[in-house]
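Survey of secondary and tertiary structure
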Amino acid sequence: MEIVVPILTPFNPDGSVNKEALRTHASNLLQKGVDLIFVNGTTGLGPALSKEEKKENLKALADFADRIIFQVGELNIDNVMELVKFSSDYGIKAIASYSPYYFPRLPEKWLISYFKRLVEISPHPVYLYNYPLATGYDISPKLLSKFNLELAGVKDTNQDLAHSLEYKSAFPKMNVYNGSDTLAFYSLLTLDGTVASMANCLPTLFVEMKNSIVRGDLKRGMVYQRLISSVVDIARKYGQLSALYVLTETTQGYSLGGPRGPIFPLEEEERNQLKREIELFLKSLGVLN
Ligand code: ELE
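What you see is a predicted model; the values in this text were computed from it and never measured. (Residues numbered from 1 in each chain as written. Predicted model: local features only at pLDDT ≥ 70, side-chain atom pairs only at ≥ 80, totals over all residues. Heavy atoms only, no water.)

1. Examining the packing of helix H10 (residues 218-238) against helix H12 (residues 268-285)
- The interhelical angle for the contact between H10 and H12, taken along N-to-C directions, is 165 degrees, at an axis separation of 11 Å. By the criterion of interaxial angle, the relationship of H10 to H12 is roughly antiparallel. Note on packing geometry: the crossing formed by H10 with H12 is right-handed. Residues Leu227, Ser230, Val231, Ile234, Lys237 and Tyr238 of H10 pack against Glu270, Gln273, Leu274, Glu277, Ile278, Phe281, Leu282 and Leu285 of H12.
- Taken together, the residues of the contact of H10 with H12 break down into nine nonpolar, two polar and three charged. (Axes fitted to C-alpha atoms, helices over the stretch in contact; angles between N-to-C directions. Helix = DSSP H or I, 4+ residues; strand = E, 2+ residues; numbered from the N terminus. Parallel < 35°, antiparallel > 145°, perpendicular 65-115°, else oblique. Left-handed = near helix turned anticlockwise from the far one by under 90°. Contact = heavy atoms within 4.5 Å. Nonpolar A, V, L, I, M, F, W, Y, C, P; charged D, E, K, R; others polar.)

2. Details of the side chain of Asp192
- Of note, Asp192 is situated in the loop between helix H8 (184-190) and strand S8 (193-195).
- Accessibility expressed as a relative area gives 18% for Asp192, which makes it buried.
- Reaching out from Asp192, the side chain makes a polar contact with the backbone nitrogen of Val176 at a distance of 2.7 Å.
- Beyond its immediate sequence surroundings of up to four residues, Asp192 is in contact with Met1, Glu2, Lys168, Met174, Asn175, Val176, Tyr177 and Ser187. (Buried < 20%, exposed > 50% of the residue type's maximum accessible area, 1.4 Å probe, protein only. Polar contact = N/O pair within 3.5 Å; in protein donor to acceptor, adjacent residues only side chain to side chain.)

3. Side note on the UniProt feature "binding site: pyruvate" (unreviewed entry) in the chain
- With numbering matched to this structure, UniProt assigns "binding site: pyruvate" (unreviewed entry) to Thr43 and Val195. These annotated residues cover 153 residues of sequence, and their C-alpha atoms lie no more than 10.6 Å from one another, placing them together at a single site. Of the residues named above, Thr43 and Val195 line the largest pocket.
- Relative to the assigned elements, Thr43 resides in the loop between strand S2 (36-39) and helix H2 (51-60). (UniProt positions renumbered as here; feature names shortened; annotations may be inferred. 1 Å grid on protein atoms, 1.4 Å probe; cavity = no way out; pocket = protein on both sides within 12 Å on 5 of 7 lines; lining within 4 Å.)

Structure, rendered in C-alpha cells:
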C-alpha cells in the first residue's frame, strides 16, 4: 500500500527549475513517510517541461533514485527514447509515460506500439500513466488485453474506481494506483496505493490515512479522506496546479517558488486569500501538517 507523490517542479523567477528546492521538497516528503515520488507528472508540469529539464529533475533527485518513478512521455519520440536511455544510469523503481496525445483518432495499435517500444528499450519496469481526461485516450485494461501487452504498473487517473480495479483483475501482477485525490482512501484500500497531488502539501495526513487503514480503523481513514477532499475543493477554486505551490509553502514552511506559464502563478491577492482560507480550515480542525 503505497503513497506516491507526483512532485511539484519548483521554478525560479527566471523560469528555470529550482533543483535545490526540488531536493528539499522530496527529502521532506520521504522523511514524513510517503513511499514514492513520481517525477515529471501532471502536477510536476511534465508536459510543459523540456527534455533537458526532465533529465535535470531526475539528476537532482539521484539520492532518492530507488523511490522514484520517472515520467518520460512527450510527443517527440526521439526525446522519449533519449529519456529512457538516460534513466539507465539511475537505479529507479520504474519509468512511466502518458499516452501520445493531442492528435485525434490515433488507431489503437499505434498507442500500443508506443508502449511496446518503451518496454523494448527500458532498463526499468514500465508503468502506464493513463489519464484519458488529459490525453484524450483511455489505455484501458481491455485494450491492453486485446494487444497482449502486459505492463509492470499503471497510474490510472480516473474518477471511475471500477476502471482502475479492472486492471488488477485483468493483470493481477500489475502494480495499480488510482491517481485521483478524492479517491485516495479507496485506492489505498483496494489497490496498490494512491498517486495523490495533495500529498505535496498534506503528506502527514496521507500517512495518517494509510496508517489508519493498516490498523483497520477505516472510519478514521475516511475522515482523513474527507479532509483531503475539502482541501481539493478549496484549491480548485484558485486553479489547483498553482494553488498547490502556495498550499505547500503554507503547510511545509519552505518556498517552491511558483509554477511557470502557461500554468500562471496566483496573483498576490489570491495567494493571500488562499493562505488565509487554508490556515483557517486546518486550524479549525486542529491539524498541523
Ligand atoms: C493526478 C492529478 C489528477 C496526479 C500527477 C498525478 O500529477 O501526475 O483533478 O483528480 O484529475 O493525475 O492530480 O487530478 P484530478 O498523478
